[in-house]
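# Descriptive structure summary
Each chain, letter by letter, is given below.
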Amino acid sequence: MDKIKIQNLEVFANHGVFPEENVLGQKFIVTATLYTDTRTAGLTDELTDSIHYGEICRQIQEFLTAHTFRLLERTAEGLAEMLLLETPHLEKIRLEIKKPWAPIGLPLETVSVEIERGWHTAYIALGSNMGDKEQYLRQAVEALNETSCCKVTRVSSFLATKPYGVTDQDDFLNGCLTLRTLLSPRELLDVLHQIEQEAGRERIVHWGPRTLDLDIIFYDDLIVEEEDLCIPHADMQRREFVLKPLHEIAPYKHHPGTHKTVREMLEELG
């Protein structure tokens, strides 16, 4: 991906663990690498097709002077999030904040925190087989879209399906959505569980009835195998009620483990 670099921007601000740092202030030095596609701007010569680095510099200065944080880690996290949320065309940022002459009582030129943050693409499966099923699914889509650091970009149609696993229960209504998010997989899982709880979800019977079920199917091309988090979803290739709506919005998405497309997995189910 192309890069626009802002090197060693100096800002006087009030951040630090010691009270005098928050009162007297000090100089901070910021380097930002902005990851974006510059191809269109390179052809059109239009600033609106790129990222205005002068405006980014002003945003950095305004953010650092408008807030007071104890830790450089918190300062960097907040600044990166603000820039990613507010800057069109910005896909990822590498941010370093240097603190010259940090007051540690020892000769030290500078200390810094460097982070890299960016947008991720996740595919979420939705299901409900209790109450007003469609309303539960639509509320889940709305709740995700209103979650900080999340943007729903596509939603499939909803599909009525027979129950999976425990068959002695009402039919399900299922769907899938595409989500752009700044959240980590673990943070996203916590958000999904919170939305389920707000919909009255109770985890009593495995594969049993539920007002709302939200699962991470894919998260970029990441493979995670943990006790309570498995990405891609471990059973997705056998679930038509996942693959059908997912095929509607991402037929050529590859499974990072098997490298099969969603379309190929759906066709294999017959």
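Residues numbered from 1 in each chain as written. Predicted model: local features only at pLDDT ≥ 70, side-chain atom pairs only at ≥ 80, totals over all residues. Heavy atoms only, no water.

Here we take up the environment of leucine 188. Tracing the backbone shows leucine 188 in helix α6 (residues 185–198). Here leucine 188 falls in the buried class, since its relative accessible area comes to 0%. When the C-alpha atoms of leucine 188 and glutamate 96 are compared, they prove to be 25 Å apart, with 92 residues separating the residues in sequence. If near-sequence neighbours (up to four positions away) are discounted, leucine 188 is found in contact with Ala122, Ile124, Leu179, Leu183, Ile216 and Tyr219. (Helix = DSSP H or I, 4+ residues; strand = E, 2+ residues; numbered from the N terminus. Buried < 20%, exposed > 50% of the residue type's maximum accessible area, 1.4 Å probe, protein only. Contact = heavy atoms within 4.5 Å.)

Along the polypeptide, threonine 36 turns up in strand β2 (residues 26–36). Side-chain polar atoms of threonine 36 contact the backbone oxygen of histidine 89, separated by 2.7 Å. Residues in contact with threonine 36, not counting those within four places in the same chain, are Met1, Asp2, Ile4, Ile51 and His89. (Polar contact = N/O pair within 3.5 Å; in protein donor to acceptor, adjacent residues only side chain to side chain.)

So, on to the sheet that holds strand β1 (residues 2–13). The strand order across the open sheet formed by four strands is β1-β2-β3-β4, and the pairing between neighbours is antiparallel. Each edge of the open sheet carries a strand with a single partner, namely β1 and β4 (110–118). Strand-to-strand twist of the sheet, defined as the mean angle between neighbouring strand axes without regard to direction, takes the value 15°. Bridge count between strand β3 (residues 92–100) and β4: nine bridges; the pairing is antiparallel. Residue pairing for β4: lysine 99 is matched across the bridge by valine 111. Here helix α3 (residues 53–66) sits on the sheet in contact with β1 and β2, set at roughly 35° to β1. (Pairing = 2+ DSSP bridges. Axes fitted to C-alpha atoms, helices over the stretch in contact; angles between N-to-C directions.)

Moving on, we get to helix α4 (residues 72–86). An ideal rise of 1.5 Å per residue puts 21 Å on 15 residues; α4 measures up with 21 Å between its terminal C-alpha atoms. Of the positions making up α4, those classed as buried are Leu72, Thr75, Ala76, Gly78, Leu79, Ala80, Met82, Leu83 and Leu84. Its buried side turned inward, α4 meets β2, α3, β3 and β4. (Expected span 1.5 Å × (residues − 1).)

The next thing to look at is the pairing of β3. Pairing between β2 and β3: seven bridges, direction antiparallel. Residue pairing across strands places threonine 31 opposite glutamate 96, the latter belonging to β3.

Overall, the coordinates contain 16 salt bridges when judged by the stated rule. A salt bridge links lysine 27 to glutamate 10; its shortest N-O distance comes to 3.9 Å. Placement of lysine 27 in strand β2 and of glutamate 10 in strand β1 is noted, with a sequence separation of 17 residues between them. Lysine 27 sits in the partly exposed class, given a relative accessible area of 28%. Two residues, arginine 186 and aspartate 228, come together in a salt bridge whose shortest N-O distance is 2.8 Å. One end of the pair, arginine 186, is in helix α6; the other, aspartate 228, is in the loop between β10 (224–226) and β11 (229–231), with 42 residues separating them in the sequence. Because the salt bridges share partners, they merge into one network encompassing Lys92, Arg94, Glu114 and Glu116. (Salt bridge = Lys/Arg side-chain N within 4 Å of Asp/Glu carboxyl O.)

Next up on the list: the packing of aromatic side chains. Taken as a whole and judged by the stated rule, the model has two aromatic pairs. Note on tyrosine 123 and phenylalanine 218: the rings are 6.2 Å apart at their centroids and 90° apart in plane angle, and the pair reads as edge-to-face. Highlighted residues: tyrosine 123 in strand β5 (residues 120–128) and phenylalanine 218 in strand β9 (residues 213–219), separated in sequence by 95 residues. Neither tyrosine 123 nor phenylalanine 218 differs from the other in exposure class; each is buried. Sitting over the ring of tyrosine 35, lysine 92 keeps its end group 4.4 Å from the ring centre. Here the guanidinium or amino end of lysine 253 rests over the ring plane of phenylalanine 218, the centre of that ring lying 5.3 Å away. (Phe/Tyr/Trp six-rings, centres within 6.5 Å; stacked < 30°, edge-to-face > 60°. Lys NZ or Arg CZ within 6 Å of the ring centre and 35° of its normal.)

So yeah, pure geometry; function would need other evidence.
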